[in-house]
Amino acid sequence: MKITFLFSFALFVFCFTYFFINKLKVKINKKRYFDLKKLPKNNKRIFVSFIIFIGSVLLFQNIVFALIFCILYCYLDWYMQDKKIRKKEILINKQVIEALNIIKSAVRAGQSLQNAIFTTKNELKYPIKSEFEKISESLAFGVNFDKVLEEPSKNAISKEFKLMMDVIRVSKDAGASLSDIFDRISDSTVQRINVQSKMTALTAQGRMSGNIVSITPFVVVLIMYMIEPEMMEYLFVTLIGNILLLIVIGMVITGSVVIRKMTEIEF
């Protein structure tokens, strides 16, 4: 057991060091410091997983437990990030209507499309304001207008915002009436948001069922441990029990992800 523990610890220390040096490019001599918040999501997740694994191996001296903690961390981190992104997407979708109205009013008042974007940036609130700030900064540096609109269209998390950027870019090249097009986009956006709100309400029961299904096995294990601790301790003190526990957690997480994906309706 000690040999396996030392081997696994040395292996993951080596992997962690390799990742730290070659992926994160930390250069202490050039006054660069390691900032976990500025890491990409995937790199941050891998980095924290290594820390959890090493800490769990040192604390419990059990590789299976360390894997369980890493899997649980990755799932919880993915769940929280996905929830945060969806919350931001819903907020941006609602702000798109306000942005369209401001741009439409500015264009009708005789402003150019570029000046209308500058005006919109000052009138809106976050998080959509940050997108218009990026566009305004690029335009101020003299970047091509089509390229400025194409970049946020590719990286936008909101479909409504992406649609707005694409329509502005295409209609500008085609020479169409922007105010009329903005009226149509605004109406269609309102209808899409209403449909999305109804679908979210209808699928709320499915998401709640997925959460309950995910929590139930752990509650059952806890209750059984309180009733028959001698029988349930084999899950934690034997290798076969640890492997079964790992399989159960993997199946629970897989079921939770599948249920969550089934309740997501793309349109």
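Residues numbered from 1 in each chain as written. Predicted model: local features only at pLDDT ≥ 70, side-chain atom pairs only at ≥ 80, totals over all residues. Heavy atoms only, no water.

1. Some points on the pattern of salt bridges
Stated precisely, the cut-off is as follows: Note on definitions: salt bridges are taken to be side-chain nitrogens of Lys or Arg within 4 Å of carboxyl oxygens of Asp or Glu. By the criteria applied, helices consist of DSSP H or I runs no shorter than four residues and strands consist of E runs no shorter than two, each listed in order from the N terminus. Accessibility here uses a 1.4 Å probe with only protein chains present; expressed as a share of the type maximum, an area under 20% marks a residue as buried, one over 50% as exposed, and anything in between as partly exposed.
Within the structure shown, the criterion is met by 1 salt bridge. A salt bridge links D82 to R86; its shortest N-O distance comes to 3.1 Å. Pair noted here: D82 and R86 are both in helix α3 (residues 63–108), with a separation of 4 residues, about one helical turn. The exposure class assigned to D82 is buried, which follows from its relative accessible area of 13%. Of the residues examined, R86 reaches a relative accessible area of 28% and is grouped as partly exposed.

2. Quick look at the nonpolar core
Keep this limit in mind: Residues belong to one nonpolar core when they are buried, are Ala, Val, Leu, Ile, Met, Phe, Trp, Tyr or Cys, and are joined through side-chain atoms within 4.5 Å. We call two residues contacting when some pair of their heavy atoms lies within 4.5 Å.
In terms of nonpolar packing, the biggest core is built from 26 residues, with I103, I128, F132, F161, M164, M165 and I168 touching the most fellow members. Breaking this core down by element, the ones donating at least two residues are α3, α4 (113–123), α5 (128–140), α6 (145–155), α7 (159–174) and α8 (178–202). Per-element accounting of this core gives the leading share, 8 residues, to α3. With residues near it in sequence (within four places) discarded, F161 still touches I92, V96, I128, E131, F132, P152 and A156. Ranked by size, the runner-up nonpolar core spans 8 residues in total, among them V64, Y75, I249 and I253.

3. Things to note about helix α12 (residues 239–262)
Note: α-helices contain 3.6 residues per turn, so residues at a spacing of three or four share the same orientation. Keep this limit in mind: Every helix has an expected span of 1.5 Å times one less than the residues it contains. Polar contacts, as used here, are pairs of N or O atoms within 3.5 Å; protein pairs need one atom able to donate a hydrogen and one able to accept it. Residues neighboring in sequence count only if both atoms are side-chain atoms.
With 24 residues, α12 ought to run about 34 Å at 1.5 Å a step, and its terminal C-alpha atoms sit 35 Å apart, in line with that. Listed in full, the buried residues belonging to α12 are G241, N242, L245, I249, V252, I253, S256 and R260. Tucked into the core, α12 has its buried residues touching α3, α9 (204–227) and α11 (234–237). With a side-chain oxygen positioned 3.2 Å from the backbone nitrogen of G241, the residue opening α12 is T238.

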